[in-house]
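In case you want the letters, here they are:
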Amino acid sequence: MQKSTIQFLLINLFLALVLVSCNSVTKNYTPKKLDKTTYEAPYFSDSKTDYVYKANITVYGNDLSGIFITKKINDTTHRVVFTTEFGNKLMDFEISENTFKVNSIVSELDRKILINTLKEDFRLLLKKDYQIQSAFENESFNIYKSADGNRDNYLFISKKEQKLEKVIRSSKTKEKITLAFSSENNIFAEKIEIIHQNIKLTIILNYFKPEENSTN
């Protein structure tokens with residue numbers, strides 16, 4: 001990766017601290033009777049699997065590519081590694097619902113705003129257990145609201161196939177992050193899109209299986 005490219009990425013992330021207004025997530029949905037109080041997300045739950053994706057990051061129209069690897073290392077924690085396509089490690093995190101540890105990070109990426117943004121993205125991506133407070137529906141989805149600190153997460157479960165296809169993270173008035181999952185079996189996500197509504201940042205993960213999957 002070119003050093004200037006990393007610096008440009010950082011500059012644009014700093015410039016992204018601009019809030020935009022957004023209507024309530026559920027404004028077009030119909031309230032429904034609560035049929036469950038908990039939900040377990042199906043993805044990234046197998047401790048025997050190294051989940052390896054080709055990552056494309058777009059920040060204000062500028063593209064950055066690499067390899068995203070995550071593995072469940074115990075009941076609560078995942079390890080996340082991001083490398084260049086040539087295998088050079090850029091960052092190495094351990095993340096759970098309540099903890100976050102930076103094992104290593106290159107100096108060009110060692111910026112608080114970038115780390116905090118990725119921490120929120122990856123924590124939501126890898127989140128397993130949700131407590132459900134209310135439910136809604138539209139023609140295609142059952143939608144479950146789950147409080148998460150001072151944010152709310154909305155889970156979109158397809159009525160036809162019962163797949164988790166989308167998670168929207170929001171404040172009380174604004175959508176912040178959308179996770180969109182493409183999955184054939186509701187066990188493994190082949191494609192994931194992480195889209196920020198208040199900054200021009202999109203992360204697209206496409207699964208692939210190299211000859212040797214390892215976070216070491």
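Rules used throughout
- Residues numbered from 1 in each chain as written.
- Predicted model: local features only at pLDDT ≥ 70, side-chain atom pairs only at ≥ 80, totals over all residues.
- Heavy atoms only, no water.
- Core = buried A, V, L, I, M, F, W, Y, C linked by side-chain atoms within 4.5 Å.
- Buried < 20%, exposed > 50% of the residue type's maximum accessible area, 1.4 Å probe, protein only.
- Helix = DSSP H or I, 4+ residues; strand = E, 2+ residues; numbered from the N terminus.
- Contact = heavy atoms within 4.5 Å.
- Polar contact = N/O pair within 3.5 Å; in protein donor to acceptor, adjacent residues only side chain to side chain.
- Phe/Tyr/Trp six-rings, centres within 6.5 Å; stacked < 30°, edge-to-face > 60°.
- Lys NZ or Arg CZ within 6 Å of the ring centre and 35° of its normal.
- Pairing = 2+ DSSP bridges.

> Please explain the nonpolar core as it appears in this structure.
Nonpolar side chains in soluble globular proteins generally cluster together in the buried interior. The biggest cluster of nonpolar side chains holds 43 residues, and the ones touching the most others in it are Tyr53, Phe68, Leu125, Leu155, Leu164, Phe181 and Ile192. When residues of this core are assigned to their parent elements, the largest contribution, six residues, is made by helix H2 (residues 112-126). Beyond its immediate sequence surroundings of up to four residues, Leu155 is in contact with Tyr39, Tyr130, Ile132, Asn142, Ile143, Tyr144, Leu164, Lys166 and Val167. Listed in part, the seven residues of the second largest apolar core include Phe136, Ile143, Tyr154 and Phe156.

> Even after reading the chapter, I still don't get the side chain of Arg169, so can you show me in this structure?
Tracing the sequence through the fold places Arg169 in strand S12 (residues 164-170). At 3.2 Å, the side chain of Arg169 forms a polar contact with the side chain of Asn153. Beyond its immediate sequence surroundings of up to four residues, Arg169 is in contact with Glu120, Leu124, Asp148, Arg151, Asp152, Asn153, Glu175, Lys176 and Ile177.

> How do you make sense of the packing of aromatic side chains when you look at a structure like this?
Any two aromatic rings considered together are summarised by their centre-to-centre distance and by the angle between their planes. Counted by the stated rule, this structure contains twelve aromatic pairs. Relative to Phe156, the ring of Tyr29 has its centre 5.9 Å away and its plane inclined at 80°; by these criteria the two rings are edge-to-face. Of the two residues, Tyr29 sits in the loop between helix H1 (3-14) and strand S1 (30-32) while Phe156 sits in strand S11 (residues 151-158), which places them 127 residues apart along the sequence. Taken together, the ring pairs connect Phe44, Tyr51, Tyr53, Phe68, Phe122, Phe188 and Tyr207 into an aromatic cluster. Over the ring of Tyr130 we find Lys127, and its NZ or CZ is 5.1 Å from the ring centre.

> Could you clarify how one ought to interpret the side chain of Asn186 in this entry?
Looking at the element boundaries, Asn186 is found in the loop between strand S13 (175-183) and strand S14 (189-196). Given the relative accessible area of 17%, Asn186 is considered buried. A distance of 3.3 Å separates the side chain of Asn186 from the backbone oxygen of Gln162, its partner in a polar contact. In this structure Asn186 touches Pro42, Tyr43, Gln162, Lys163 and Leu164, once residues within four positions along its chain are discounted.

> Looking at this model, I keep getting lost on the pairing of strand S4 (residues 62-72). Mind explaining?
For a regular strand, the rule is simple: side chains alternate between the two faces of the sheet. Pairing of strand S3 (residues 50-59) with S4 involves ten bridges; the strand directions are antiparallel. Of the residues in S4, the one forming a bridge with Tyr53 is Phe68. As consecutive antiparallel partners, S3 and S4 are separated by two residues, and within that stretch Tyr60 has a phi angle of approximately 50°, a positive value. Looking at chain direction, S4 and strand S5 (residues 78-83) are connected through six bridges and run antiparallel. Among the inter-strand pairings, Ile67 is bridged to a residue of S5, identified as Thr83.

> Teacher, can you tell me more about the pairing of strand S6 (residues 89-95) here?
Among the seven residues in S6, five count as buried, and that is most of the element. Bridging between S5 and S6 involves six bridges; their strand directions are antiparallel. Counted as the bridge partner of Arg79 is Glu94 from S6. Turn length for the S5-S6 hairpin, with the two strands adjacent in sequence and antiparallel, is five residues, and the turn residue Gly87 shows positive phi of about 95°. Both S6 and strand S7 (residues 100-105) contribute to a ladder of five bridges, which runs antiparallel. Bridge pairing in S7 places Asp92 opposite Ser104. The loop that links S6 with its antiparallel partner S7 comprises four residues.

> Is there a simple way to think about the environment of Val81 in this case?
When you line up the elements, Val81 lands in strand S5. Taking the C-alpha atoms as reference points, Val81 and Asp92, eleven residues apart in sequence, are found 4.4 Å from one another.

Note that all results are geometric; they support no functional claim without further evidence.
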